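Architecture at a glance
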Amino acid sequence: MKTIRGSVLAMFLGLAVFGAATAPAQAPATQTVTPNPGPAVQSAPAPAVAAKPADIVHLTPVQGVGMPTDRIGLQPQVTPIGHEAVRFHDYILVPMMVLISVLVLLLLIWVIIRYNARSNPVPSRTHHNTFIEIVWTLLPVLILVGIAVPSIKLLAHQYSPPKADLTVKAIGNQWYWTYQYPDNGDFEIVSNMLKEKNEVTGKEKPRTDADGPRLLAVDERMVVPAGAVVKVITTSNDVIHSWALPAAWVKMDAVPGRLNETWFKIDKPGVYFGQCSELCGARHAFMPIAVEVVPPAQFAQWVAFKGGTMPGPKGAANPDATATSPATAAQPASGPVPTDAVVPGTTAKPPTSSQAATGQN
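Residue numbers run consecutively from 1 along every chain, following the written order of its sequence. With pLDDT at 70 or above as the cut-off, local features in this predicted model cover only qualifying residues; side-chain atom pairs require 80 or more to be listed or tallied, and sums for whole chains, interfaces and linings still use all residues. Side-chain metrics rest on all non-hydrogen atoms present in the structure, leaving aside hydrogens and water.

Concerning the pairing of strand β2 (residues 176-181)
Among the six residues in β2, six count as buried, and that is most of the element. Exposure is judged per residue with a 1.4 Å probe applied to protein chains only, and the accessible area is read against the type maximum: over 50% gives exposed, under 20% gives buried, and values in between give partly exposed. Numbering of helices and strands runs from the N terminus, with a helix taken as a DSSP run of H or I at least four residues long and a strand as a DSSP run of E at least two residues long. Judged by which residues are buried, β2 turns out to be covered on both faces: Tyr176, Thr178 and Gln180 on one side and Trp177, Tyr179 and Tyr181 on the other are all buried. In this scheme, strands are said to pair when DSSP sees at least two bridges between them. Two strands pair when backbone bridges link them, and strand β1 (residues 166-173) and β2 are joined in this way by five bridges, in the antiparallel orientation. Each bridged residue has a counterpart across the sheet, and for Ala170 the counterpart in β2 is Tyr179. The hairpin turn running from β1 into β2, its antiparallel successor, is two residues long. By the bridge criterion, five bridges tie β2 to strand β3 (residues 187-191) in an arrangement that is antiparallel. Across the sheet, the residue bridging to Gln180 is Glu188, located in β3. Where β2 hands over to β3, the hairpin turn is made up of five residues, of which Gly185 adopts a positive phi near 90°.

See below:
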C-alpha cells in the first residue's frame, strides 16, 4: 500500500514540475495575439451633419407676459412704441374720456332737475345764445387738438422705423402663417396651431404648457434676436389677414398682392403671442402668432438648424433682405453645424421649409 501511494505521489509531483516548466511558453487563453500593424493610419473624419431639431431648446412662456391676462387694460408692453402708446392711453385718453363723461352726466342731471315740467311749467323761448354756441364749438376743437398732438407724435414714431437689422416676411394663409427669412438664405418655416391632446390624430404633437396657452401655441415660432430692429413684411396668399402682436404694439394687414410693412424691437428674451386680427374665414380664430425672442448667438444657432445662413460682411444677396444686419452677425453657438452645405455624394441641399403646410378645414 505504501509503495502504491508513493508511486501516485511521485507521478503527481512529476506532472506539476513538467507543467511549471512549459507554462511560460504558452499564451494565456484570454490574450489575442495580432501581427504588427505597422505605422498608424489616420481615419477620414466623419462628415458633418446637422444636429437634430430636438437639440434646440426653446424658451418657455412666462404667465402674464406676451399673452392675454385677467387685468383690465392693455397687455404689458415690451417695446418703446408700446410704452409710448400705453402712456398716451393711460394719461391722456382715459382721463379725457372720464372728464367728458362726467361733464355730460352733470349737464344731463342739471337739465333734468332744472328744466322739467314741474320746476319749469313755462318753458323758455330763447333760441339763440352766443356764449353757448362759442363754447360748444371751441370745446370739441380743443379736445381734438389735445388728442391730435400726442397721437400724431405716436404715429410718426410708429411709421418711421429706424434702420432694420433683420427682415422677416409674414405670409397669411387659410389658416396658418408662413415666415420667410430673406436675410438668412431665404428659408421658410410654416406655423400651425397646436391642438389639444384630445384633438390630435396620428403623430401630431399635442399642446403642452411649455408651448403656450390654448389656441395660441404653435408648432413653429417666428424666432428673432433680442435687441434687433425687426422689419416685418406682411402679405397673403388668399384673403385679407392681419398680423398682430399686442405686447409689441404691432398690427398690420396682410393683403393679397400687396406688401405692407411694420416693425418692432424687443430687448427682453421671451415668447410673445398674437392672433390674426382680420376676419378671414371659418377658422379665423385658429391661426395664432408666436414670436420667440432669443439672444443673438441662439438666433444664429436656430438659423443653422433651419438650413439658413448668417449674413456676411457684404450683407445678404436677396433683394428683400436687409442690406446690413449687425444685430444678426453673431456666429452660431457651439453645438449645431450649419446645414446649408450640399449633401455629400449628391447635388441636393437640405429642404428650406421646416415642415409642410397644414390647411386646417
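So much for the structure itself; the text now carries on.
Structural notes on the confidence of the model for the chain
Each residue gets a pLDDT score, which is the predictor's confidence in that residue and runs from 0 to 100. Per-residue confidence for the chain gives a mean pLDDT of 78, with 71% of residues at or over 70. Note on definitions: a residue-residue contact is assigned when non-hydrogen atoms from the two residues lie within 4.5 Å. Under a pLDDT of 50 for its full length, residues 1-54 has, in the predicted model, seven contacts with residues more than four places off or in other chains.

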